[in-house]
Amino acid sequence: MDRPRSTTGDPDALDRVTWALRRADLAMQTVKEPPLRAVGMSGSQYAVLMNLRTTPGITGAELARLVGITPQAVALLTAKLIERGLIERRLHPRHRSVQELHLTENGHADLEKAERIISDLERHVRESLGPQRYGQLRDLLGHVLQALPDWTPPAPS
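This report concerns the structure included in the present document. If you're wondering where the values come from, they're calculated on a predicted model, not measured in any experiment. Starting afresh in each chain, residues are numbered from 1 along the sequence in its written order. Reporting in this predicted model follows two pLDDT cut-offs: at least 70 for local features of residues, and 80 or more for side-chain atom pairs to be given and counted; totals over whole chains, interfaces and linings ignore these cut-offs and use all residues. Heavy atoms throughout the structure, all of them, feed into the side-chain values; hydrogens and water do not.

### Some remarks on the overall build of the protein chain
Spelled out, the test is: Note on conventions: DSSP H or I runs of at least 4 residues are helices, E runs of at least 2 residues are strands, and numbering of each starts at the N terminus. To sort residues, take the accessible area from a 1.4 Å probe on protein chains only and compare it with the maximum for the residue type: under 20% means buried, over 50% means exposed, and anything in between is partly exposed. In what follows, a contact means two residues having at least one pair of non-hydrogen atoms within 4.5 Å. Residue-level accessible areas treat just the shown protein chains as cover; the underlying method is Shrake-Rupley with a 1.4 Å probe. Neither His nor the chain ends contribute to the count of charged residues, in which Lys and Arg are positive and Asp and Glu negative. Charged groups are reduced to one reference atom each: NZ for lysine, CZ for arginine, CG for aspartic acid, CD for glutamic acid.
Of regular secondary structure, the protein chain possesses 6 helices and 2 strands. The N-to-C order of helical and strand elements in the protein chain reads α-α-α-α-β-β-α-α. Projected onto its principal axes, the C-alpha positions of the protein chain cover 55 × 40 × 30 Å. For the protein chain, the residues scored as buried account for 27% of the 157 residues in total. Put simply, of all contacts in the protein chain between residues at least 6 apart along the chain, 44% involve residues at least 24 apart. Summed over its atoms, the accessible surface of the protein chain is roughly 11200 Å², and 56% of this surface lies on carbon and sulfur atoms. Averaging the coordinates of the 21 positive side-chain charges in the protein chain and doing the same for the 19 negative ones gives two points 2 Å apart.

### What to know about the nonpolar core
When a protein is soluble and globular, its nonpolar side chains tend to lie buried together. We count it as follows: Residues belong to a common nonpolar core when they are buried Ala, Val, Leu, Ile, Met, Phe, Trp, Tyr or Cys residues joined through side-chain atoms within 4.5 Å.
Core analysis: the largest hydrophobic core is formed by 21 residues, its most contacted members being Tyr46, Leu49, Leu52 and Ile87. Looking at this core, the elements that each hand over two or more residues are α2 (43-54), α3 (60-67), α4 (71-83), β2 (99-103) and α5 (105-129). Examining the composition of this core, we find that 5 residues originate from one element, α2, more than from any other.

### Quick notes on the packing of helix α1 (residues 17-38) against α5
Put simply, the rule is: Every axis corresponds to a line fitted to the C-alpha atoms, with the helix fit spanning only the stretch in contact, and the corresponding angles, defined between N-to-C directions, vary from 0 to 180 degrees. By definition, turning the near helix anticlockwise from the far helix through less than a right angle yields a left-handed crossing, and turning it clockwise yields a right-handed one.
α5 packs onto α1 with a crossing angle of 145° between their chain directions and a minimal axis gap of 10 Å. Of the two elements, α1 crosses α5, and the hand of that crossing is right-handed. Judged by residue contacts, Met28, Val31, Lys32, Pro35 and Leu36 of α1 engage Ala114, Ile117, Ile118, Leu121 and Val125 from α5.

### Digging into the pattern of salt bridges
Where side chains of opposite charge bring their charged atoms close, a pairing between them can arise. Worth spelling out the cut-off: Salt bridge, as used here: a side-chain nitrogen of Lys or Arg that lies within 4 Å of a carboxyl oxygen of Asp or Glu.
Evaluation of the coordinates by the stated rule reveals 9 salt bridges. Among the ionic pairs, Asp110 bridges to Arg84, the shortest N-O distance being 3.5 Å. Residue Asp110 is found in helix α5, and its partner Arg84 is found in the loop between α4 and β1 (87-91); the two are separated by 26 residues along the sequence. Using a relative accessible area of 14% as the deciding quantity, one classes Asp110 as buried. One salt bridge in this structure joins Asp110 and Lys113, with 3.6 Å as the shortest N-O distance. Here Asp110 pairs with Lys113, and both are found in helix α5, just 3 residues apart, close to one helical turn. The class for Lys113 is partly exposed, based on a relative accessible area of 39%. Each of Arg53, Glu112 and Glu115 takes part in salt bridges that share partners, so that together they form one network.

### Structural notes on the environment of Asn106
Among the structural elements, Asn106 can be located in helix α5. Sequence separation of Asn106 and Leu86 is 20 residues, and the distance between their C-alpha atoms is 5.3 Å.

### Focus: the packing of aromatic side chains
What counts here: Paired rings are identified among Phe, Tyr and Trp, the last through its six-membered ring, by centres lying within 6.5 Å, and are further divided according to the angle between planes into stacked (under 30 degrees), edge-to-face (over 60) and tilted (the rest). Two limits define a charge over a ring: the Lys NZ or Arg CZ must be within 6 Å of the ring centre, and within 35 degrees of the ring normal.
Taken as a whole and assessed by the stated rule, the structure comprises 0 aromatic pairs. Here Arg126 stacks its cationic end above the ring of Tyr134, 5.7 Å away from the centre of that ring.

Here it is in structure tokens:
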């Protein structure tokens, strides 16, 4: 894949891992969005449904942190998914002021349609890298995720 040329005179800027991660994420979003839309789901909706499957009963605020969007954006997404009958709100059994989010049967069914697409994309990535490099990439990304909380940004100059 060709990468853009630096116009700032800093050829190393586009060789950074942080830039490669960003470009890879954008490329993944670009290729998965059309097939997800074909089954009636956006990438953001898929992320919400997947997080509710793996962590049933989380709150909107917890979901926002997991998905990496604002609580206001989660509220809009969940409202649409509730309207479509894919998720539901339930009162927390012990804390009546807290509402939990859960997948409905229809939500599980729609998520399975999306999962077929995402699993196939994952298969494609795994096959294109080969088993050893695929495992290495997964491990390296795991190390990056573990190390990020330890980073302290430099003081403003």
